[in-house]
Amino acid sequence: MLGYGVEDLGWDLIGWDGEEVEAHVVSLTRDEILRINTLFPERGEDELLATAVYPVAPERYAAMRAAVPRLEFKADLDYQLGGFRLS
């Protein structure tokens with residue numbers, strides 16, 4: 001259990017460059033997270049992908065774009081997806 005409501009959550013897909021700088025950030029909605037969460041079987045019971053940071057391997061890009069067509073992945077970046085508590 002998260003200990004707070006879903007309305008208090010936000011999600012970002014972050015592409016990191018070789019200098020470990022956030023080079024590409026895309027915010028996702030709860031609905032979008034629910035469309036892609038099954039692509040992350042390592043999430044266990046973390047249905048909302050909110051309790052950890054999940055690496056996004058290039059093998060997942062096509063499936064994520066199929067579920068959320070507006071997503072873009074830039075070359076030479078390492079992507080992670082994670083939830084955070086809104087202030």
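Scroll up to find the structure.
Now for a look at the structure at hand. All values derive from a computational prediction rather than experimental measurement.

### A word on the sheet that holds strand 1 (residues 9-16)
Taken together, the four strands give an open sheet; going across it, the order is 2-1-4-3, and neighbouring strands pair in antiparallel fashion. On the outer flanks of this sheet lie strand 2 (22-28) and strand 3 (53-56), each paired with one strand and no other. Across the sheet, the mean angle separating the axes of adjacent strands is 25° when strand polarity is ignored.

### Considering the environment of E72
Within the secondary structure, E72 is located in the loop between helix 2 (61-67) and strand 4 (78-85). Sequence separation of E72 and F40 is 32 residues, and the distance between their C-alpha atoms is 18 Å. Look past the residues within four positions of E72 in its chain and what remains in contact with it is H24 and Y79.

### Looking at the packing of aromatic side chains
Pairs of aromatic rings are described using the distance from one ring centre to the other and the angle between the two planes. Here the structure, examined in full by the defined rule, presents four aromatic pairs. Consider the rings of F73 and Y79, whose centres lie 5.1 Å apart with planes at 80°: the pair is edge-to-face. Of the aromatic side chains, those joined through ring pairs into one cluster are Y61, F73 and Y79.

### Observations regarding the pattern of salt bridges
Under the counting rule described, the total for this entry stands at three salt bridges. Between E42 and R60 there is a salt bridge, and its shortest N-O distance comes to 2.9 Å. With a gap of 18 residues between them, E42 in the loop between helix 1 (30-36) and strand 3 and R60 in the loop between strand 3 and helix 2 connect regions that are remote in the sequence.

### A few points about the environment of L77
Secondary-structure assignment places L77 in the loop between helix 2 and strand 4. Excluding residues that lie within four positions of it along the chain, L77 makes contacts with G15, W16, D17, A23, H24 and Y61.

### Concerning the nonpolar core
Ranked by internal contacts, the top residues of the largest apolar core, which has 22 residues, are L13, I36, V56 and L81. At the level of secondary structure, the elements contributing two or more residues to this core comprise strand 1, strand 2, helix 1, strand 3, helix 2 and strand 4. With residues near it in sequence (within four places) discarded, V56 still touches L13, F40, Y61, M64, F73, Y79, Q80 and L81.

### A look at the environment of D17
Tracing the sequence through the fold places D17 in the loop between strand 1 and strand 2. Assessed through its relative accessible area of 25%, D17 is described here as partly exposed. Separated by 36 residues in the primary sequence, D17 and V53 have C-alpha atoms spaced 17 Å apart. Sequence-distant contacts of D17, defined by excluding residues within four places in its chain, comprise A23 and L77.

### Considerations on the pairing of strand 4
As defined by bridge partners, strand 1 adjoins strand 4 across eight bridges and the pair is classed as antiparallel. Paired with G15 across the two strands is Y79, which belongs to strand 4. Here strand 3 runs beside strand 4; their pairing, made up of four bridges, is antiparallel. Among the inter-strand pairings, P55 is bridged to a residue of strand 4, identified as Q80.

What counts and what doesn't
- Residues numbered from 1 in each chain as written.
- Predicted model: local features only at pLDDT ≥ 70, side-chain atom pairs only at ≥ 80, totals over all residues.
- Heavy atoms only, no water.
- Pairing = 2+ DSSP bridges.
- Helix = DSSP H or I, 4+ residues; strand = E, 2+ residues; numbered from the N terminus.
- Axes fitted to C-alpha atoms, helices over the stretch in contact; angles between N-to-C directions.
- Contact = heavy atoms within 4.5 Å.
- Phe/Tyr/Trp six-rings, centres within 6.5 Å; stacked < 30°, edge-to-face > 60°.
- Salt bridge = Lys/Arg side-chain N within 4 Å of Asp/Glu carboxyl O.
- Core = buried A, V, L, I, M, F, W, Y, C linked by side-chain atoms within 4.5 Å.
- Buried < 20%, exposed > 50% of the residue type's maximum accessible area, 1.4 Å probe, protein only.

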